[in-house]
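# Report on the structure
Below are the chains, spelled out letter by letter.
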Amino acid sequence: MFERKSIQLQEAVTRLMKFANPGEMEYLSPLEATGFYLAEGLVADHPVPPFDRSPYDGFAIRSSDTARATTHNPSVLKVVGEIGAGQVFSGTVGEKEAVRIMTGAAIPDGCDAVIMIEAVREIKIDDNLHIQVRRPMKANKNISFTGEDVQQGTVVAEAGKYINPGVIALLATFGYTQVPVRKRPATGILVTGSELLDLDDPLEPGKIRNSNGYMIHSQALRAGAEPIYLGKLSDDLETNFESITTNLKKVDILITTGGVSVGDYDFMPEIFNRLGANVLFNKIGMRPGSVTTVAEKNGKLIFALSGNPSACYVGFELLARPFIRAVLGARHPFSPRTTAILGADFLKKNPFDRFVRGKLELKHGTLFATPSGLDKSGVVSSLAEADCLIVFLKGRKESKKGEQVEVILLDSKESISMEDFFADKVRGR
Ligand SMILES: Nc1nc2c(c(=O)[nH]1)N[C@H]1C(S)=C(S)[C@@H](COP(=O)(O)OP(=O)(O)OC[C@H]3O[C@@H](n4cnc5c(N)ncnc54)[C@H](O)[C@@H]3O)O[C@H]1N2
Ligand code: MOO
Ligand SMILES: [Mg+2]
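It should be emphasised that the depicted structure is a prediction, and the values quoted were computed from it without experimental measurement. (Residues numbered from 1 in each chain as written. Chains lettered and ligands numbered in written order. Predicted model: local features only at pLDDT ≥ 70, side-chain atom pairs only at ≥ 80, totals over all residues. Heavy atoms only, no water.)

Turning our eyes to something else, we now look at the UniProt feature "domain: MoaB/Mog" (unreviewed entry) in the protein chain. Under the UniProt annotation, the feature "domain: MoaB/Mog" (unreviewed entry) is placed at residues 188–326. As a span, residues 188–326 carries 37% helix and 28% strand, and end to end its C-alpha atoms are 17 Å apart. (UniProt positions renumbered as here; feature names shortened; annotations may be inferred. Helix = DSSP H or I, 4+ residues; strand = E, 2+ residues; numbered from the N terminus.)

Glancing now at the site of ligand 2. Neighbouring ligand 2 are the residues R287, P288, G289, S290, V291, A311 and S377. A distance of 2.5 Å separates an oxygen atom of ligand 2 from a polar atom in the side chain of S290. One of the side-chain nitrogen or oxygen atoms of S377 is found 3.0 Å away from an oxygen atom of ligand 2. Residues belonging to the shell around ligand 2 are distributed by class as follows: 3 nonpolar, 3 polar and 1 charged. (Near = heavy atom within 4 Å. Polar contact = N/O pair within 3.5 Å; in protein donor to acceptor, adjacent residues only side chain to side chain. Nonpolar A, V, L, I, M, F, W, Y, C, P; charged D, E, K, R; others polar.)

Our focus in this paragraph is the coordination of the magnesium ion (ligand 3). Taken together, D266 (OD) and D266 (OD) make up the full set of protein donors to the magnesium ion (ligand 3), lying 2.4 Å away. Among the secondary structure elements, D266 is positioned in the loop between strand 15 (253–257) and helix 5 (268–275). (Donors = N, O, S within 2.8 Å, 3.2 Å for Na, K, Ca; no water.)

At a minimum axis distance of 10 Å, the contact between helix 3 (residues 212–223) and helix 6 (residues 309–327) shows a crossing angle of 30°. The orientation of helix 3 relative to helix 6 falls into the category roughly parallel. Judged by the sense of rotation from one axis to the other, the crossing of helix 3 with helix 6 is right-handed. Counted together, N212, M215, I216, Q219, A220, R222 and A223 of helix 3 and P309, C312, Y313, F316, E317, R321, I324 and R325 of helix 6 form the full contact between these two elements. Split into classes, the residues belonging to the contact of helix 3 with helix 6 amount to 9 nonpolar, 2 polar and 4 charged. (Axes fitted to C-alpha atoms, helices over the stretch in contact; angles between N-to-C directions. Parallel < 35°, antiparallel > 145°, perpendicular 65-115°, else oblique. Left-handed = near helix turned anticlockwise from the far one by under 90°. Contact = heavy atoms within 4.5 Å.)

Turning our attention to the packing of helix 4 (residues 237–250) against helix 5. Axis separation between helix 4 and helix 5 bottoms out at 10 Å; the angle between their running directions is 55°. Viewed along their axes, helix 4 and helix 5 adopt a mutual orientation that is oblique. In the crossing of helix 4 with helix 5, the sense of the turn from one axis to the other is right-handed. Here L237, E238, N240, F241, I244 and T245 of helix 4 come into contact with helix 5, specifically with M268, E270, I271, R274 and L275. Per-class residue counts for the contact of helix 4 with helix 5 are 6 nonpolar, 2 polar and 3 charged.

What follows concerns the sheet that holds strand 14 (residues 226–233). Within the open sheet, the 6 strands sit side by side as 14-11-15-19-18-16. Their pairing is mixed. At either end of the open sheet lies a strand with only one pairing partner, and these are strand 14 and strand 16 (278–281). Direction aside, the axes of adjacent strands within the sheet are offset by 20° on average. Relative to strand 18 (residues 293–297), strand 16 is paired through 3 bridges, and the arrangement is antiparallel. Residue pairing for strand 18: F281 is matched across the bridge by V294. Sheet strands in contact with helix 1 (residues 9–17) are strand 16, strand 18 and strand 19 (300–305), and its direction is about 145° off that of strand 16. Sheet strands touched by helix 5: strand 15, strand 16, strand 18 and strand 19. Its angle to strand 19, the strand with the most contacts, is close to 165°. (Pairing = 2+ DSSP bridges.)

What follows concerns unusual backbone geometry. The omega torsion of the bond from V48 to P49 falls at -10°, within 30 degrees of zero and hence cis. Counting through the fold element by element, P49 comes out in the loop between strand 2 (42–43) and strand 3 (58–61). Here R287 and P288 are connected by a cis peptide whose omega angle stands at -15°. Position of P288 relative to the elements: it lies in the loop between strand 17 (286–287) and strand 18. Despite not being glycine, D127 shows a phi value in the positive range, around 70°. Among the structural elements, D127 can be located in the loop between strand 7 (120–125) and strand 8 (128–133). Residue classification places D127 among the exposed residues on the basis of a relative accessible area of 68%. Residue N140 is not a glycine yet carries a positive backbone phi of 75°. Topologically, N140 is positioned in the loop between strand 8 and strand 9 (155–157). (Buried < 20%, exposed > 50% of the residue type's maximum accessible area, 1.4 Å probe, protein only.)

On to the site of ligand 1, then. Around ligand 1, the surrounding shell holds 23 residues, and the nearest of these are E195, N210, G259, S261 and G307. Taking N210, its side chain carries an N or O atom lying 3.0 Å from a nitrogen atom of ligand 1. The contact in question runs from an oxygen atom of ligand 1 to an N or O atom on the backbone of N308, over 3.2 Å. Coverage of ligand 1 by the protein amounts to 68% of the 880 Å² it exposes when considered alone. (Areas by Shrake-Rupley, 256 points an atom, 1.4 Å probe, with all protein chains shown as cover.)

Every buried residue of helix 2 (residues 165–173) is accounted for by V167, I168 and L171. Buried residues along helix 2 cover an arc of 105° about the axis, so they all sit on one side. Relative to its buried face, helix 2 has exposed residues pointing more than 90 degrees away, namely P165 and A172. Looking at the buried positions of helix 2, the neighbouring elements they touch are strand 2 and strand 10 (179–182). The backbone nitrogen of G166 lies 2.9 Å from a side-chain oxygen of the residue at the head of helix 2, namely N164. Phi for G175, located one or two positions after helix 2, is positive at around 75°. (Arc of directions from axis to C-beta.)

What follows is the structure, encoded as structure tokens:
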């Protein structure tokens, strides 16, 4: 018998995050970097825009020339040039002169305002183009000034920031052809169980198909890892030990499913014993996923997830996912947690923290979370609709539809700090 001491999820996470070192740095093109995390902060090495420019198609003018303009007595300015974005007017614009200018073009020297095309009347005097301006323009009107978007020296994105399309825009703005990121951790997936069939096997009495291997592969992808499916193993101590020892050398993280409880064929505890691994914990005060065990060997972590599909799923989301995000260099590696309104009664009592697979819905601006199916750790049917985990903290009594609950978002690309993740806003009731 192996001693099992139940600890709280926060303690379990704290223990395993001590081993979460950012992976090796690599450089990717901005076309490939979406979904990674910045390995270095992004500092503006020039102001944006880099020159004063026109935000409109119109005419660059000198505001002083329009000081007395009225509808009946418009200022008449001679058009002395025209420039589009990318062009620069050479020379200086003089008194009673204007330059036809397009959006994005640099403001010509001498000008201090832009008037929109629609606001002027274009006329010809002696075959020369002129404009009539019918109202005074204030100095600095309609100019996008140098640095009004970003000032030189500003940190526009910090190290550890998730690279979303907006970060890609900034990287391109500052000329990054090579974006520093952390390599996706090679994450091996091994499933155990003599009852497991391959996907193309017909069902046989007592056997089921291996769904966990594929589910974890998909969850690892969603978490940003590089999943490596290593196959399935029968419940045999020797072959399991052999396979885990060999495969651990080939990957950065190893995830196993099944064989982690107290049954006769649950060999994971004995395997960790033989490996001489440092078992960080082997029982968590939560459901499902209470048997989730994490062990460390030579600095690498082995996540031994439950065989029960829903427990396996939840164990991955609560433990492996933040770890993977941290290895990817995420500054805030935890899934976002927020409040929602419970969409249906949940009448179970909670002698431990419970994480119920749920479905989110936004109705008239209010977020509702409803359990997405049967709440048993052995089921697979509640997973497809699940996009959150509804949190029922230990001690919370039965919950009625309409009560406030906390939810952990599973499909969000952004993430939060450990402090925020464990700052429970809705206490047990
Ligand atoms: N006497 C006790 N029995 C159990 C306890 C306990 O504390 N005392 N804990 C229960 C809890 S909680 C869970 S969760 C499970 C954990 O089981 P294991 O991690 O040991 O997993 P297995 O025994 O290998 O399998 C459990 C269940 O899951 C099915 N399974 C396994 N692998 C897959 C797969 N790849 N795809 C689909 N389904 C899979 C397997 O057929 C079993 O039905 O233990 C409880 N028992
Ligand atoms: O706690 Mo077991 O790990 O699902 O139900
Ligand atoms: Mg078992």
